[in-house]
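# Observations on the three-dimensional arrangement
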Amino acid sequence: MFLGNFLIGLREGLEAALVVSILIAYLVKKGNRRALAPVWTGIGAAIAVSVGFALLLQLLVAQENHFKIQELTGGLLSIVAVALVTWMVFWMRKAARGIKAELEGRLDSAIDMGAGALFVVAFLSVGREGLETALFLWTNISHSTGSPVQPVGGAVTGLAVAVVLGYLIYRGGLKLNLKAFFTWTGAGLIIVAAGVLGYGFHDLQEADVLPGITSLAMEPATFFAHFGTVGDWLQTIFQGVLNVTPKITWLQLVMWMAYAGPVMYLFLRPARTSAPAPAKAPEPASS
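Let me sum up the structure you'll find in this document. Bear in mind the structure is a predicted one, so any value in this text is a computation, not a measurement.

### With respect to unusual backbone geometry
Phi at D208 takes a positive value of approximately 65 degrees, unusual for a residue other than glycine. Tracing the sequence through the fold places D208 in the loop between α7 (178-206) and β1 (216-218).

In structure tokens form, the structure reads like this:
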């Protein structure tokens, strides 16, 4: 859980940090430091709403007295979280090159409209990333079978590293190949999302919405127990990297593979480039 949540925090945190860096750097470059106050206020409000959203989810789901209702809610939220993260991963790969120009264009329009518009631009730009991150992290942490310290620690560490990287990029002290970074972290995030999707379907099985809760495909603990102490480490690595539960049903395994395989292929395949237009034949010279 530490590795998966670290990756989520790092990837999503750096996206938000880059957005903040672009907003702040553009205003400083334009010499409009007075506009920084509403932008920082919007950023702070977006972070507060994201944290509040995660706490609200935990409060509402934890208060469900009926086990099946709790599992149904958790399962549906897991599927929604995977859908959002999948969309975000592909959107970021496509829009990364133009995000700077897009944000700067929004800022130019907001500056003309006043402080309220600047607040809204900053709030929406960071809030979208924050809400997606909060939902995905909450889903992953809520399915942790042990102490929450490890998954929460992974998320906090990833976010902290993202903030440091974002600051270094802003100051110009770090040249990061963002295309390679988002490609590798995006691929890792797809593996994490596959596990979350598996959690979701496992929850729906426990809620008796889907059958097959007793049809187990594998139990990593039983398999790795044959290797003694080394097996404990291998089990931790296996479950941490693939983001799977201690008991994996056949439906959970099928959904994990059905998501991870096609989505990873679509994400990693080379982008299609349009063929160049054929050269126009020269017109014959008139006699």
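### Focus: the side chain of E12
Along the chain, E12 turns up in helix α1 (residues 2-29). If we ignore the near neighbours within four places in the chain, the residues touching E12 are M88, E129, E132, T133 and L189.

### Side note on helix α6 (residues 149-171)
Helix length check: α6, at 23 residues, gives a terminal C-alpha distance of 33 Å against a target of 33 Å (1.5 Å per residue), a fit within 8%. Those residues of α6 that fall on the buried side of the exposure criterion are P151, G154, A155, G158, A162, L165 and G166. Trailing α6 by a residue or two, G172 shows a phi angle of about 85 degrees, which is positive.

### A short note on the packing of aromatic side chains
Enumeration over the complete set of coordinates arrives at three aromatic pairs. On the basis of an interplanar angle of 10 degrees and a centroid distance of 6.0 Å, the ring pair of F119 and F123 is categorised as stacked. In this pair, F119 and F123 both sit in helix α5 (residues 115-142), four residues apart, roughly one turn of the helix. Under the relative-accessibility criterion, F119 is labelled partly exposed at 29%. When the centroid spacing of 5.0 Å and the interplanar angle of 80 degrees are considered together, the rings of F223 and F224 count as edge-to-face. By relative accessible area, F224 is classed as buried at 12%.

### Considering a nonpolar patch on the surface
A cluster of nonpolar residues, F223, F227, V230, L234 and I237, forms a patch on the protein surface that exposes about 490 Å² of accessible area. A total of three residues in the nonpolar patch trace back to one element, the largest contributor, which is helix α9 (residues 228-242). Within the secondary structure, F223 sits in helix α8 (residues 220-224).

### With respect to the side chain of H202
Considering the arrangement of structural elements, one finds H202 in helix α7. In contact with H202, not counting residues within four places along its chain, are I213, K247, T249 and Q252.

### Details of the nonpolar core
Among the nonpolar cores identified, the biggest contains 34 residues, and V82, F136, L189 and Y259 are the most heavily contacted of them. Sorting the residues of this core by element identifies α1, α2 (36-62), α3 (67-95), α5, α7 and α10 (250-268) as the ones contributing at least two each. When residues of this core are assigned to their parent elements, the largest contribution, ten residues, is made by α7. Not counting residues within four places of it along the chain, the set of residues in contact with V82 comprises F136, A193, V196, L197 and Y259. Formed by 20 residues, the second largest nonpolar core is a distinct cluster that contains V39, L103, A117 and A122.

### As for the pattern of salt bridges
Following the criterion strictly, the structure yields one salt bridge and no others. Between E129 and R128 there is a salt bridge, and its shortest N-O distance comes to 3.9 Å. Classification of E129 as buried rests on a relative accessible area of 2%. Assessed through its relative accessible area of 33%, R128 is described here as partly exposed.

### Here's the deal with the environment of A45
Positionally, A45 belongs in helix α2. Looking at A45, the relative accessible area reads 22%, which means it is partly exposed. As a C-alpha pair, A45 and F119 span 74 residues in sequence and 9.1 Å in three-dimensional space. Once residues lying within four places of it in the same chain are set aside, the contact partners of A45 are F119 and F123.

Reading guide: rules and limits
Residues numbered from 1 in each chain as written. Predicted model: local features only at pLDDT ≥ 70, side-chain atom pairs only at ≥ 80, totals over all residues. Heavy atoms only, no water. Helix = DSSP H or I, 4+ residues; strand = E, 2+ residues; numbered from the N terminus. Contact = heavy atoms within 4.5 Å. Expected span 1.5 Å × (residues − 1). Buried < 20%, exposed > 50% of the residue type's maximum accessible area, 1.4 Å probe, protein only. Phe/Tyr/Trp six-rings, centres within 6.5 Å; stacked < 30°, edge-to-face > 60°. Patch = residues over 30% accessible without salt bridge, like charges linked within 9 Å, V, L, I, M, F, W, Y side chains within 5 Å. Areas by Shrake-Rupley, 256 points an atom, 1.4 Å probe, with all protein chains shown as cover. Salt bridge = Lys/Arg side-chain N within 4 Å of Asp/Glu carboxyl O. Core = buried A, V, L, I, M, F, W, Y, C linked by side-chain atoms within 4.5 Å.

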